[in-house]
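# An overview of the molecular structure
Chain by chain, the residues:
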Amino acid sequence: MQRSNSSYDRPKPAWTTARSILWDLFQWGTEFFYPSHCAFCRAPLSEPENSDGDFCGTCRRGLCQHSGPACAKCGAPVGPHVDPAAGCNYCVRESFAFDRVIRLGLYSDTLRRACLRAKYARQEPLLAGLAKLAVQLRRSEFRDEPVDIVIPIPHYWLQRVIRPHNPAETLAGVLVNILNARKNSHILLKTRWTRPQRSLPAVERRKNVRRAFQVANAEDIKNQTVLLVDDIMTTGATAHEAARVLRRAGAKKIVVAVIARAVRAS
Ligand SMILES: [Zn+2]
Ligand SMILES: [Zn+2]
């Protein structure tokens, strides 16, 4: 049966569309600040979960699965009896321009799936939940490193046109409120296009991002402790290059905060 004259095909009045958009925005806002559903699997949150965080018990356990002791220098996992401040097998031959790494967990299983989904638009509640979970789990590490200013790893302007959503930017916006610091997305700029780091072998990654960042106003970060924020860290090449220019511009200390640290099996 043809439906060409039915209500299915009639264009909706403008006010109906506007009302629908406003309702979506309202729901997004209430979900962001007062989550009633798990930010990852969308299951309804029970009362204790609702007061405690953004994830249901199953997702929370999955996201925290690989959040054990971490190397302070690079965020890789270390054994329970290893001094996290002493470096590890992954970074023993590396030198980084940043001072330390704080991460929620390893880029694996549930946390990997969450990071991949967070790359897409309209995933602010998921990113907010991950940022809050990172601070909950790494509370002592964040407390040890009081920061003055929070700076997300920026995208190049052409990349922003193609994909306006930058997970680092959203994470930084949440962390700045929790840590009571200042956020500035305009200090660190990416000045050229770079190939996706994931497409390159580890040895080429530093070369790929070499001189890709610039500090807009050095006065803003002189003698400041900077929290440099990204979603995932693999070799640390991007964070290293960004930290290098921040340090050269006068930053006193640079702490890198990421949701997940990807490590290769050795
Ligand atoms: Zn869930
Ligand atoms: Zn390490």
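Going by the structure above, here's the rest.
Note that the structure is predicted; figures quoted are calculated from it, not measured.

Following the sequence through the fold, S185 ends up in the loop between β3 (182-183) and β4 (188-190). Side-chain polar atoms of S185 contact the side chain of E169, separated by 2.6 Å. Side-chain polar atoms of S185 contact the side chain of K183, separated by 3.4 Å. Setting aside residues up to four positions removed in sequence, S185 forms contacts with P152 and E169.

Turning our attention to the coordination of the zinc ion (ligand 1). Taken together, the protein donors to the zinc ion (ligand 1) comprise C38 (SG), C41 (SG), C56 (SG) and C59 (SG), at separations of 2.3 Å. Every donor counted, the 4 donor atoms about the zinc ion (ligand 1) form angles of 105 to 116° at the centre, which fits tetrahedral coordination. The class of C38 is buried, set by a relative accessible area of 0%. With a relative accessible area of 9%, C59 lands in the buried category.

Attention now moves to helix α5 (residues 124-137). Residues that lie three or four places apart on an α-helix share one face, since the helix turns once every 3.6 residues. Under the 1.5 Å per step criterion, the end-to-end length of α5 is 20 Å for 14 residues, consistent within 8% with the ideal 20 Å. Taking burial as the measure, the 14 residues of α5 include 10 buried ones, the bulk of the element. All of the buried residues along α5 are P125, L126, L127, A128, G129, L130, A131, L133, A134 and V135.

Here we come to the packing of α5 against helix α8 (residues 167-179). Packing of α5 against α8 brings their axes to within 9 Å, and their N-to-C directions diverge by 50°. In terms of axis orientation, α5 runs oblique to α8. Two packed elements cross with a definite hand, and for α5 against α8 that hand is right-handed. On α8, the residues that touch E124, L127, A128, A131, K132 and V135 of α5 are P167, T170, L171, V174, L175 and I178. For the contact of α5 with α8, the residue count by class is 9 nonpolar, 1 polar and 2 charged.

A few words now on a nonpolar patch on the surface. Together, W157, L158, V161, I162 and W193 make up an exposed nonpolar region whose accessible area comes to about 550 Å². By secondary structure assignment, the location of W193 is in the loop between β4 and α9 (202-209). Among the residues examined, W193 registers a relative accessible area of 44% and is labelled partly exposed.

Core analysis: the largest hydrophobic core is formed by 39 residues, its most contacted members being F55, L111, L130, V150, L227 and I259. Secondary-structure elements contributing two or more residues to this core are α3 (57-63), β1 (100-106), α4 (109-117), α5, α8, β6 (225-233) and β7 (253-261). Once residues within four sequence positions are removed from consideration, L130 is found in contact with F55, L63, L104, L111, A114 and I259. Among the nonpolar cores identified, the runner-up in size contains 32 residues, and C71, C74, I153 and A243 belong to it.

About the cut-offs
- Residues numbered from 1 in each chain as written.
- Chains lettered and ligands numbered in written order.
- Predicted model: local features only at pLDDT ≥ 70, side-chain atom pairs only at ≥ 80, totals over all residues.
- Heavy atoms only, no water.
- Helix = DSSP H or I, 4+ residues; strand = E, 2+ residues; numbered from the N terminus.
- Polar contact = N/O pair within 3.5 Å; in protein donor to acceptor, adjacent residues only side chain to side chain.
- Contact = heavy atoms within 4.5 Å.
- Donors = N, O, S within 2.8 Å, 3.2 Å for Na, K, Ca; no water.
- Tetrahedral: all angles 85-135°; square planar, octahedral: opposite > 155°, others 65-115°.
- Buried < 20%, exposed > 50% of the residue type's maximum accessible area, 1.4 Å probe, protein only.
- Expected span 1.5 Å × (residues − 1).
- Axes fitted to C-alpha atoms, helices over the stretch in contact; angles between N-to-C directions.
- Parallel < 35°, antiparallel > 145°, perpendicular 65-115°, else oblique.
- Left-handed = near helix turned anticlockwise from the far one by under 90°.
- Nonpolar A, V, L, I, M, F, W, Y, C, P; charged D, E, K, R; others polar.
- Patch = residues over 30% accessible without salt bridge, like charges linked within 9 Å, V, L, I, M, F, W, Y side chains within 5 Å.
- Areas by Shrake-Rupley, 256 points an atom, 1.4 Å probe, with all protein chains shown as cover.
- Salt bridge = Lys/Arg side-chain N within 4 Å of Asp/Glu carboxyl O.
- Core = buried A, V, L, I, M, F, W, Y, C linked by side-chain atoms within 4.5 Å.

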